[in-house]
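Examining the three-dimensional arrangement
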Amino acid sequence: MLLPRLSKTLLGTRVSPATHASGLRSRVSRGTLSSRGVSRNGPFALGGPLVSERKVVRNRRGCGSHAVRAKQIGVLFDFDGTVGDTETPAMEVAYWELAPYFIDPKPEDLEGDMKAEWIRLNCGKPFGEMEQDLDVDRKKAGLDSVAEMRARKGENQQVMEVVNNARVRMGLRTLQDLRDSGEELEVLWDQARGEFEQALSRLARPCHGIPQVCDYLQKEGIPFAIATTSPKPRVPISVVAADLSKYFPEENIHSGESDFTPSRFKPDPSVYIKAADAIGVDPIDCIALEDSASGVGSAANAGIGLILGYVGATHIPEDDKHGHAEMLLRGDKSNKKRGADIVLWDMNDAIPMIKGFQKRRLSGEKAPHIPDFPEDFKNEVKGKFLESKHPVKPEREDVESFASM
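Structure report, in brief. Note that the structure is a prediction, hence the values are computed from the model and not measured. (Residues numbered from 1 in each chain as written. Predicted model: local features only at pLDDT ≥ 70, side-chain atom pairs only at ≥ 80, totals over all residues. Heavy atoms only, no water.)

Turning next to the overall build of the chain. Across its full length, the chain carries 15 helices and nine strands. Counting only residues that meet the buried cut, the chain has 58% of its 405 residues in that class. Of the roughly 16100 Å² of accessible surface on the chain, a fraction of 50% belongs to carbon and sulfur atoms. (Helix = DSSP H or I, 4+ residues; strand = E, 2+ residues; numbered from the N terminus. Buried < 20%, exposed > 50% of the residue type's maximum accessible area, 1.4 Å probe, protein only. Areas by Shrake-Rupley, 256 points an atom, 1.4 Å probe, with all protein chains shown as cover.)

Attention now moves to helix 9 (residues 210-220). Residues I210, V213, C214, Y216 and L217 constitute the buried set of helix 9. Seen from one end, helix 9 has its buried residues packed into an arc of 155°, which puts them on one side. Directly after helix 9, the chain includes G221, whose backbone phi takes a positive value near 70°. (Arc of directions from axis to C-beta.)

Okay, the environment of R330 next. For R330, the position within the fold is in helix 13 (residues 321-330). Exposure remark for R330: the relative accessible area of 35% places this residue in the partly exposed category. Spatially, the C-alpha atom of R330 lies 9.9 Å from that of D341, the residues being eleven residues apart in sequence.

Moving on, we come to the environment of C123. Among the secondary structure elements, C123 is positioned in the loop between helix 3 (113-122) and helix 4 (127-140). Owing to a relative accessible area of 5%, C123 belongs among the buried residues under this scheme. On a C-alpha basis, the gap between C123 and A90 in space is 9.4 Å, while along the polypeptide they are 33 residues apart.

Moving on: unusual backbone geometry. Note the cis peptide between T261 and P262, where omega equals -5°. With respect to the helices, strands and loops of the structure, P262 is situated in the loop between strand 5 (253-255) and helix 11 (270-279). For D104, which is not glycine, the phi dihedral falls at a positive 50°. Take D104: it is sitting in the loop between helix 2 (87-98) and helix 3. Positive phi outside glycine occurs at K337, with the angle close to 60°. Its location among the elements puts K337 in the loop between helix 13 and strand 8 (342-344).

With 14 residues, helix 4 extends 20 Å from end C-alpha to end C-alpha; this agrees with the ideal 20 Å at 1.5 Å per step. Among the residues making up helix 4, those that are buried are F127, G128, M130, E131, L134 and R138. All buried residues of helix 4 project into a common sector of 155° when viewed along the axis, lining one side. Exposed residues pointing more than 90 degrees away from the buried face of helix 4 are listed as K139 and K140. The secondary structure elements touched by the buried residues of helix 4 are helix 2, helix 3, helix 5 (146-151) and helix 8 (188-203). Where helix 4 ends, the next residue or the one after it, G142, has phi of about 75°, a positive value. (Expected span 1.5 Å × (residues − 1). Contact = heavy atoms within 4.5 Å.)

Turning to the packing of helix 9 against helix 14 (residues 350-362), a few remarks are in order. It is the contact of helix 9 with helix 14, at a shortest axis distance of 10 Å, that shows an interaxial angle of 30°. Between helix 9 and helix 14, the angle falls in the class roughly parallel. Contacts from Q212, V213, Y216 and L217 in helix 9 reach A350, I351, I354, K355 and Q358 in helix 14. The class makeup of the residues in the contact of helix 9 with helix 14 is six nonpolar, two polar and one charged. (Axes fitted to C-alpha atoms, helices over the stretch in contact; angles between N-to-C directions. Parallel < 35°, antiparallel > 145°, perpendicular 65-115°, else oblique. Nonpolar A, V, L, I, M, F, W, Y, C, P; charged D, E, K, R; others polar.)

Function cannot be read off these values alone, since they describe shape.
Here it is as structure tokens:
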């Protein structure tokens, strides 16, 4: 893929993005970076209760009655907004890719509340879905599609000035520069995909507490992996940029977009089933950590034993964390309406939850695990959580039922 060239990074240092990105790619072996089945639906998902408040969001949903097959447990992480604090830069890129095609936007409104609300409503959606939603709205308004407007270069120039200023802030070239040099790609998703990689190769950071949780898992010999909708090589590039390669080598990164033909996006359970199989642990013996409703739905549909929601990343504003936690509990995207069992504000609080889950599994106890966690582990939780009172027995759904979705 041709990555756009860049004259400056966000810090003002002159670096060729192709050189920088290729350096990251060279540390990510191409053997697992094949983009089989990559669709035009791209990178990221969002989700869904009625709850009583305390500190973690604890959901009394049961975790099924599957037979315990082994003493080993495993942990499966979503990536964007869970392992990598990447949703904010990724959603910023998505917003400014599509902003020129919003319906009659006022240039002065593109920053601030309008952007924050758009990101809140679209967080977690694949890029292709965002573009499709915009096309639906444009059609209702009697306007041509994003692709048609882009092909005829019909963007409002005042809007473009705001967009180009934002692109420069993110270290991306202006659209006018790309057009003047003949380097603008014909398909918007093709352009956006390279720019997601370019921006995240500089901006990706780990979510607070992730290194500590991963250190704990390695110390205890608990296998873990990434199960994400997001594509390769974007996720491996972000892992390298966030300095997480020692925890997540390429073979432990599983992508719903890139590892299946055709791609299988959450809440399809395929990527969780694949990741659990890769670490050699049954889904019922796994813990999933998720920040979106689609991700929680995917874990629930895969029959994951314990689902931990997470609202601590920077893309969820402080005032929205409570509401976001409620959405994760509600289970809107799972077939059986099973949501997260617990939603954490602090990633470090995953450690006592993992300990408690492991204790129950080692003793041969079957799900549900919540609310019957040992009190000593629950008392170790320091951060905030909510607790749902609507248990739903987890069941693994038929993967093929998602094929036509």
